[in-house]
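# Working through the structure, step by step
What follows is the residue order along each chain.
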Amino acid sequence: MDYDPMAMDDAESLGPVVKISQADSVRVKFELQNADISFANSLRRVMLAEIPTIAIDLVEIESNSSVLADEFIAHRLGLIPLNAEGVEHLLYSRDCDCEEYCENCSVKLTLHAKCTGYENMSVSARDLVPVGERINQSLGTPVINDKDGTGPLILKLRPEQEIKLECIAKKGIAKEHAKWAPSAAIGFEYDPHNKLRHLDLWYEKDPKSEWPPSEYAKWEEPPVEGEPFDFDAVPNHFYYNVETAGNLPPDGIVTEGIKVIQQKLAGLIHELTEGEGEGGYDGPRSPDYNSGPDTGYGYSTSYGGNGGNQSAWGGGGGTTPFGGQTSYGGGGWS
Amino acid sequence: MAARPDSEDIAMDDAPTSHQPEVKDDTMVDDAGEDVEEEEDYEEEEEEEEEEEVQRVKLLPGSTETAASFEFSNEGHTLGNALRYVIMRNPEVEFCAYAIPHPSEAKMNVRIQTFEGTTAIEALEKGLRDIQELCDVVTDKFVAAADDFEKKKAATA
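The rules we used
Residues numbered from 1 in each chain as written. Chains lettered and ligands numbered in written order. Predicted model: local features only at pLDDT ≥ 70, side-chain atom pairs only at ≥ 80, totals over all residues. Heavy atoms only, no water. UniProt positions renumbered as here; feature names shortened; annotations may be inferred. Helix = DSSP H or I, 4+ residues; strand = E, 2+ residues; numbered from the N terminus. Buried < 20%, exposed > 50% of the residue type's maximum accessible area, 1.4 Å probe, protein only. Contact = heavy atoms within 4.5 Å. Areas by Shrake-Rupley, 256 points an atom, 1.4 Å probe, with all protein chains shown as cover. 1 Å grid on protein atoms, 1.4 Å probe; cavity = no way out; pocket = protein on both sides within 12 Å on 5 of 7 lines; lining within 4 Å. Points joined across faces, edges and corners; volume = space filled by probe spheres on them. Patch = residues over 30% accessible without salt bridge, like charges linked within 9 Å, V, L, I, M, F, W, Y side chains within 5 Å. Salt bridge = Lys/Arg side-chain N within 4 Å of Asp/Glu carboxyl O. Lys, Arg positive; Asp, Glu negative; His and termini not counted. Charge placed at Lys NZ, Arg CZ, Asp CG, Glu CD. Polar contact = N/O pair within 3.5 Å; in protein donor to acceptor, adjacent residues only side chain to side chain. Pairing = 2+ DSSP bridges. Axes fitted to C-alpha atoms, helices over the stretch in contact; angles between N-to-C directions. Phe/Tyr/Trp six-rings, centres within 6.5 Å; stacked < 30°, edge-to-face > 60°. Lys NZ or Arg CZ within 6 Å of the ring centre and 35° of its normal.

An unreviewed UniProt entry annotates chain B as DNA-directed RNA polymerases I and III subunit RPAC2 of Podospora anserina.

Chain A is annotated in an unreviewed UniProt entry as DNA-directed RNA polymerase II subunit RPB3 of Podospora anserina. UniProt, in its Sequence similarities (unreviewed entry) section for chain A, records the words "Belongs to the archaeal Rpo3/eukaryotic RPB3 RNA polymerase subunit family." According to the UniProt record, the Subunit (unreviewed entry) comment for chain A reads "Component of the RNA polymerase II (Pol II) complex consisting of 12 subunits."

This is the structure:
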């Protein structure tokens, strides 16, 4: 099994290359070369949906005499980007020892505004005040990037209307709810000239004149007229445009994204190698790994194997044809 | 998924777990008597407590040393496609594919068949480590490119 995954036969033998074409506080545009599309897409998907950030998850409304309904405001609050610097030191509430939430797994913010003047008043993200202990001074602070310095508008109040509430911001990922997305958008593109014909461009008369060239078209050789189609060609240059919502720096999204992939892999490798040594019920085992009074079905899965009927949690294990080891469970505990 | 009639050609034991009827297990447990059921209630509580240690990979029935199917919980195309690709690049691997059997079940299956020299589990582990290595390289390259970009920007400003 000795081969070098980086020493591959084609362009991949050169190893991946990253080129950055633009980088500022809101976006980073870069090109990934000599990687497979499957990896490029994994990176894109992970940046979109699996990077942990912080967002308001619980809202306790003390008084709300505004025209907007409580749940409407709660939803708007959830979508406000909060600074996620140092979120890696924050626990997920579900993993925390506390009852519901505490300073180890949440940030508390309060909002109290009353319109005392004669004109309608705007309440915006700036008015959300973080209170209590925090891991660092920026975690959970509303992101304010506009030139007025107010941040996103939450609601408006007429004279004498009042809003008073308390928010609990928690750590989460965008796979659970889009409010935890670190990126406003991720541009992903390859093969700007459509040489690989992965696209079937719609047109009225002539696709060339009707479809404007991509900004990356000049980065790659245009197709030569009359050139035969290359059936072995694979995409090799991937253009990303990562735009942040403000909670993480754009280059931080990329590095965090790769980190998330690696954590995923590390967890799986750990599980895989753990199970091998001790033969406990975690970790997959090869079919003939289990000797002794086993189920006799020539395989064992997560829950079975510890001596047939006394499987880890299938009391009625041995009575089912699968020893209580199917993914649907032996008796309704699935 | 409706339970299929018992007059199937293939024995149900051989079918992939996703195709085995759910009801079958329940009825079998009922036959086993009450004491078993009581014990099960107890086990059920225990299971809830231990929920944190959910297993993320398991070997599916019918697997052998060199030809195995794995089921990953809470994984999808993000890992599946990259893993499939990198495992397939291993010259010791004869076949590798992944599938998400049903979109509303957070499960991803990977099938690996290897030549004699190695086992499917080894190939899987190697695949995971290869992606890790690739991630390391891309991180390094990205950080270097970002630093470079910053330097150039500072020089022109």
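When helices and strands are tallied, chain A shows 4 helices and 10 strands. For chain A, the sequential pattern of α-helices and β-strands runs β-β-α-β-α-β-β-β-β-β-β-α-β-α. Split into buried and exposed, the 334 residues of chain A put 47% on the buried side. Sequence-distant contacts in chain A: of pairs separated by 6 or more residues, those separated by 24 or more amount to 71%. Carbon and sulfur atoms make up 49% of the accessible area of chain A, which amounts to about 17000 Å² in all.

Turning our eyes to something else, we now look at the layout of surface pockets. All names here are of chain A. As a volume, the second largest pocket reaches approximately 1400 Å³. Surrounding the second largest pocket, 39 residues form its lining, P192, H193, N194, K195 and P223 being those nearest its centre. Where the lining of the second largest pocket is concerned, the elements lending two or more residues are β9 (183-190) and α3 (207-210). Counting residues per element, the lining of the second largest pocket draws most heavily on β9, at 3 residues.

Turning our eyes to something else, we now look at a negative patch on the surface. On the surface, D251 of chain A together with D147, D148 and E150 of chain B cluster together into a patch of negative charge. With 3 residues, the single largest contributor to the negative patch is helix α4 (residues 120-156) of chain B. Positionally, D251 of chain A belongs in helix α4 (residues 250-278). For D251 of chain A, a relative accessible area of 37% translates into the label partly exposed.

Okay, the environment of K171 of chain A next. All names here are of chain A. Position of K171 relative to the elements: it lies in strand β8 (residues 162-172). With relative accessibility at 11%, the residue K171 sits in the buried group. The sequence separation of K171 and D57 amounts to 114 residues, and the corresponding C-alpha distance is 8.7 Å. When neighbours within four sequence positions are excluded, K171 is seen to be in contact with P52, T53, I54, V87, E88, L90, L91, Y92, C105 and W180. From its side chain, K171 meets the backbone oxygen of V87 in a polar contact 3.4 Å long. Polar contacts involving the side chain of K171 include one to the main-chain carbonyl oxygen of L90, which spans 3.0 Å.

Now for the sheet that holds strand β4 (residues 106-114) of chain A. Residue and element names in this part refer to chain A. The sheet built from 4 strands is open, its strands ordered β3-β8-β4-β6 with antiparallel pairing. Each edge of the sheet is formed by a strand with only one pairing partner; in this case those strands are β3 (53-64) and β6 (129-131). Neighbouring strand axes in the sheet, compared pairwise and without regard to direction, differ in orientation by 30° on average. Direction of pairing for β4 relative to β6: antiparallel, over a ladder of 3 bridges. Within the sheet, the bridge partner assigned to K108 lies in β6 and is V131. The strands touched by helix α2 (residues 70-78) are β3 and β8; relative to β3, the strand with the most contacts, the crossing angle is about 155°.

It is worth spelling out the packing of aromatic side chains at this point. Under the counting rule described, the total for this entry stands at 10 aromatic pairs over all chains. Measuring from ring centre to ring centre gives 5.0 Å for F229 of chain A and F231 of chain A, while their planes differ by 90°; the resulting arrangement is edge-to-face. Chaining the aromatic ring pairs together yields one cluster made of F30, F188, Y190, F238 and Y240 of chain A together with F142 of chain B. Positioned above the aromatic ring of F188 of chain A is the side chain of R44 of chain A, whose terminal nitrogen or guanidinium carbon lies 5.8 Å from the ring centre. The positively charged end of R94 of chain A is found above the aromatic ring belonging to Y92 of chain A, 4.4 Å away from the centroid.

With that settled, consider the pairing of strand β2 (residues 67-73) of chain B. Residues and elements named next belong to chain B. With 7 of 7 residues buried, β2 is to be regarded as a mostly interior element. Residue alternation in β2 divides its side chains into two sets, A67, S69, E71 and S73 and A68, F70 and F72, and both sets are buried. The pairing of strand β1 (residues 57-59) with β2 spans 3 bridges and is classified as antiparallel. By the bridge assignment for β2, L59 is matched with F70. Two elements, β2 and strand β4 (residues 107-114), share 7 bridges in a ladder whose sense is antiparallel. Across the sheet, residue F72 finds its bridge partner in β4, namely M108.

A few words on the pattern of salt bridges. Scanning all chains against the criterion turns up 16 salt bridges over all chains. Of the charged contacts, one joins K264 of chain A and E50 of chain A as a salt bridge, the two residues approaching to 2.9 Å between their closest N and O atoms. Of the two residues, K264 of chain A is situated in helix α4 and E50 of chain A in the loop between α1 (37-49) and β3; the sequence distance between them amounts to 214 residues. One salt bridge connects K107 of chain B with E105 of chain B, and the closest N-O pair in it is separated by 3.7 Å. Judged by relative accessible area, which is 28%, E105 of chain B ranks as partly exposed. One network of salt bridges, in which partners are shared, links E50, K175 and K264 of chain A together with R56 and E75 of chain B.

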